[in-house]
Amino acid sequence: MEKREATMSSWSPERNQSPRGLDPHFSRNLFLLLLIVGPSAQGVTPDPEACQVFQSDNGSSINCHPPAKVPQYFPADTIYLAVEFFNLTQLPPDTLQGISNLQELHLSSNGLENLSAKFLLPVPQLKVLDLTRNALTRLPPGLFRGSAALHTLVLKENQLEVLETLWLHGLKALRHLDLSGNHLRALPPGLLANFTDLCILDLGNNQLETLPPDLLRGPLKLERLHLEGNRLRVLEEGLLVPQPNLRYLFLNDNQLTMVAASAFQGLKQLDMLDLSNNSLTSVPKGLWTSLGQPGAARDMKDGFDISGNPWICDQNLDDLYQWLVYNKDKMFFRNNTCCTEPTAMKGQTLLAAAMSHLKPKSGVEMGGNGLAEHCTPLGN
């Protein structure tokens, strides 16, 4: 059988309506006929009010952006649908009726204020749902009761102030959950208890001041955790213990003044740690034991950033000094990570203080390695 080549065309709500009552094979053939006939007409220019369609052996992929008009119906073989940048405050509950093979749905930047609890029932094979930059303040309980295949849920930059565990019931295959850029002040206990396959959790840029102690009990494969841009003051012991395979940890741009000595215990796979732009003046002895050299017996592949903190460079940093010297090649912004006290050390780089503390002749050695002794303000 000759393989059919992919075809690209337009999908217009006026000329391409496909009533749900039509036989799906007839609907598909009719749609293909329109694809073949429409583009072949001489002198016909693309309709600015039509959605773009890419047709392949796997099914139809549809992209709708203004000034196109959103169709009332979509081809029965639609597997990818993007309806973005419209002023859609709500969608009818049956919007997805008739496209049961849909696997990806992108509804970003629409101003959606709510969704029907029945909205996703017609698409049980859905794997990716992107609701970025809408105006959702809540999710209806039961929204995901037929979404056992969904592995990526993006709720970034909505208006969520609270989150209820019940809202996420039904998600059995979730691997990526993005709740960043909302207004969350607290999280309910047991939020992730059933998400054993979760690999990426993004809670960045919310207003979280504390985290429930059991937040990470449930996922067994978490690799990436975003907590940046919140209002966290303390990183408690035990929070990260359930995630020994964590590879990327972002805690930057919080208000951290304290990190528990055992906070990173067991994180021997960590490749990236960002603690920049907090209020850390010191850290407890033993904090770094599991990270990088020599404790983990491996380098952090991507590195670490502890710049933008008001470090007090005295004997209380002995443990950090030793760790920095071992891992200096993995340090981001090392010429911008500065001592603020005592007065005699103010303006010196933290790494210079570390090497001076451990090696009396560090000034010559530092110059030979291109390491600055005095801080350079970021942006210069």
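In this report, the structure presented in the accompanying data block is examined. (Residues numbered from 1 in each chain as written. Predicted model: local features only at pLDDT ≥ 70, side-chain atom pairs only at ≥ 80, totals over all residues. Heavy atoms only, no water.)

## A look at the overall build of the protein
Assigned secondary structure in the protein consists of four helices and 17 strands. For the protein, with 380 residues in total, the buried portion stands at 47%. Within the protein, contacts between residues separated by at least 24 positions form 56% of all contacts whose residues are at least 6 apart in sequence. Summed over its atoms, the accessible surface of the protein is roughly 18000 Å², and 52% of this surface lies on carbon and sulfur atoms. (Helix = DSSP H or I, 4+ residues; strand = E, 2+ residues; numbered from the N terminus. Buried < 20%, exposed > 50% of the residue type's maximum accessible area, 1.4 Å probe, protein only. Contact = heavy atoms within 4.5 Å. Areas by Shrake-Rupley, 256 points an atom, 1.4 Å probe, with all protein chains shown as cover.)

## Describing the environment of Leu203
Here Leu203 lies in the loop between β9 (200–202) and β10 (224–226). Looking at Leu203, the relative accessible area reads 0%, which means it is buried. Separated by 24 residues in the primary sequence, Leu203 and Leu179 place their C-alpha atoms 5.2 Å from one another.

## Notes on helix α2 (residues 318–327)
Every buried residue of α2 is accounted for by Leu320, Tyr321, Trp323, Leu324, Val325 and Asn327. The secondary structure elements touched by the buried residues of α2 are β15 (303–305), β16 (311–312) and α3 (350–358).

## Brief notes about the state of the cysteines
Evaluated as defined, the whole model comprises three disulfides. Note on cysteine connectivity: Cys313 is disulfide-linked to Cys339, with sulfurs 2.0 Å apart. In this structure, the disulfide formed by Cys313 and Cys339 twists by about -95° around the S-S bond and is classed as left-handed. On the criterion of sequence distance, the pair formed by Cys313 in the loop between β16 and α2 and Cys339 in strand β17 (residues 339–341) is long-range, its members being 26 residues apart. Given a relative accessible area of 6%, Cys313 falls into the buried group. Taking only the cysteines that form disulfides and numbering them from first to last, the protein has the pattern 1-2, 3-5, 4-6. (Disulfide = S-S within 2.5 Å.)

## A short note on empty space enclosed by the protein
Any empty space left between the atoms is revealed when a probe the size of a water molecule rolls over them. One pass over the structure, following the stated rule, counts one cavity of 30 Å³ or more. As a volume, the largest cavity reaches approximately 70 Å³. In terms of lining, the largest cavity is formed by Val70, Phe74, Leu81, Val83, Leu88, Leu91, Thr95, Leu96, Leu105, Leu107 and Phe119. (1 Å grid on protein atoms, 1.4 Å probe; cavity = no way out; pocket = protein on both sides within 12 Å on 5 of 7 lines; lining within 4 Å. Points joined across faces, edges and corners; volume = space filled by probe spheres on them.)

## Here's the deal with the pattern of salt bridges
Counted by the stated rule, this structure contains five salt bridges. The partner of Arg247 in a salt bridge is Asp271, and the shortest N-O contact between them spans 3.1 Å. Of this pair, Arg247 sits in the loop between β11 (234–235) and β12 (248–250) while Asp271 sits in the loop between β13 (258–259) and β14 (272–274), and the two are 24 residues apart along the sequence. The class of Arg247 is partly exposed, set by a relative accessible area of 27%. Classification of Asp271 by relative accessible area gives buried; the value is 1%. Here Asp329 and Arg334 are joined by a salt bridge, their closest N and O atoms 3.9 Å apart. Residue Asp329 is classed as exposed on the basis of its relative accessible area, which comes to 65%. Under the relative-accessibility criterion, Arg334 is labelled partly exposed at 23%. (Salt bridge = Lys/Arg side-chain N within 4 Å of Asp/Glu carboxyl O.)

## Some words on the packing of α2 against α3
Put simply, α2 and α3 touch, their axes get as near as 9 Å, and they point 100° apart. When the interaxial angle is binned, α2 and α3 end up roughly perpendicular. Along its contact with α2, which presents Asp318, Leu320, Tyr321, Gln322, Leu324 and Val325, the element α3 presents Leu350, Leu351, Ala353, Ala354, Met355, His357 and Leu358. (Axes fitted to C-alpha atoms, helices over the stretch in contact; angles between N-to-C directions. Parallel < 35°, antiparallel > 145°, perpendicular 65-115°, else oblique.)

## Some thoughts on the layout of surface pockets
Approximately 220 Å³ is the volume found for the largest pocket. Contributing to the lining of the largest pocket are 14 residues, with Thr210, Leu211, Val234, Leu235 and Glu236 lying nearest its centre. Partitioning the lining of the largest pocket into residue classes produces seven nonpolar, two polar and five charged. (Nonpolar A, V, L, I, M, F, W, Y, C, P; charged D, E, K, R; others polar.)

## Remarks on the pairing of strand β2 (residues 51–56)
The pairing of β2 with strand β3 (residues 59–64) spans five bridges and is antiparallel. The residue of β3 that forms the bridge with Phe54 is Ser61. From the end of β2 to the start of β3, which pair antiparallel, there are two residues. (Pairing = 2+ DSSP bridges.)

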